[in-house]
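Reading the structure
The primary structure of each chain is shown beneath.
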Amino acid sequence: MDMEPRMETIAKKKFIGKRTIMSFSDNKTHALWSSFMPRRQEIQHAVGTNYYSIEVYAPSYFQHFNPDAKFEKWAAQEVKDFTSIPDGMETMTSPEGLYAVFIHKGPASAGPKTYQYIFGTWLPQAAFLLDDRPHFAVMGEQYKNDSPDSEEELWIPVRPK
């Protein structure tokens, strides 16, 4: 697997969505998205049509990977402002910063292989360190869930070594 990311610095982003606390061994992604998608049209002032799967990890999360360690996962949409927040949804602001953006091609179920490459091969050899900011999977028009021709962007927060 040879995937060179594009490097992108983004401005602060605002999101509205739903979140849950989970671990990789107790994965609640399906339930989270199943509760978010039927209500997504209630979100006003959306920026574009992309959906964001956002993970917020503790600063030490990746130092000693443990599949039982808890993290926060969001199903969200980027918004211009927080003037209208649907009942049962929350807001989140992600700070500006540098990201390594990888394209994951293939079914969502093959995602762990791509993440293994990013964290096991690319990051240790890169001129960057993992930064303590949210991680994003951006699902745009090319995203087709478990289809073999699906594409999504994986945004990994980094800073120079």
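1. What about the overall build of the protein?
When helices and strands are counted, the protein shows two helices and nine strands. For the protein, the N- to C-terminal ordering of α and β elements is β-β-α-β-β-β-β-α-β-β-β. Projected onto the principal axes, the alpha-carbon positions of the protein cover approximately 45 × 30 × 30 Å. When burial is assessed residue by residue, the protein has 42% of its 161 residues classed as buried. Carbon and sulfur atoms form 51% of the exposed surface of the protein, whose accessible area is close to 8700 Å².

2. Here we look at the packing of aromatic side chains
Throughout the structure, instances matching the rule amount to 19 aromatic pairs. An angle of 45° between the planes, with centres 4.9 Å apart, marks the rings of Tyr57 and Phe71 as tilted. Pair noted here: Tyr57 is in the loop between β3 (51-56) and β4 (71-79) and Phe71 is in strand β4, with a separation of 14 residues, a long-range link. Of the two residues, Tyr57 and Phe71, neither departs from the other in class, the shared state being buried. Ring centres of Tyr115 and Phe119 lie 6.3 Å apart, and the angle between their planes is 10°; on these two criteria the pair is classed as stacked. Within this pair, Tyr115 and its partner Phe119 are both found in helix α2 (residues 111-125), separated by four residues, close to a single helical turn. A relative accessible area of 26% places Tyr115 in the partly exposed class. Taken together, the ring pairs connect Phe24, Tyr57, Tyr61, Phe62, Phe71, Tyr115 and Phe119 into an aromatic cluster. In this structure, Arg133 is placed above the aromatic ring of Tyr99, and the distance from its NZ or CZ to the ring centre is 4.7 Å.

3. So, the pairing of strand β8 (residues 135-139)
When a strand is regular, its side chains alternate between the sheet's two faces. Buried residues dominate β8, accounting for five of its five residues. The side-chain alternation of β8 yields two buried faces, one formed by His135, Ala137 and Met139 and the other by Phe136 and Val138. As paired elements, β8 and strand β9 (residues 151-160) share three bridges and run antiparallel to each other. By the bridge assignment for β9, Ala137 is matched with Leu154.

The rules behind each value
Residues numbered from 1 in each chain as written. Predicted model: local features only at pLDDT ≥ 70, side-chain atom pairs only at ≥ 80, totals over all residues. Heavy atoms only, no water. Helix = DSSP H or I, 4+ residues; strand = E, 2+ residues; numbered from the N terminus. Buried < 20%, exposed > 50% of the residue type's maximum accessible area, 1.4 Å probe, protein only. Areas by Shrake-Rupley, 256 points an atom, 1.4 Å probe, with all protein chains shown as cover. Phe/Tyr/Trp six-rings, centres within 6.5 Å; stacked < 30°, edge-to-face > 60°. Lys NZ or Arg CZ within 6 Å of the ring centre and 35° of its normal. Pairing = 2+ DSSP bridges.

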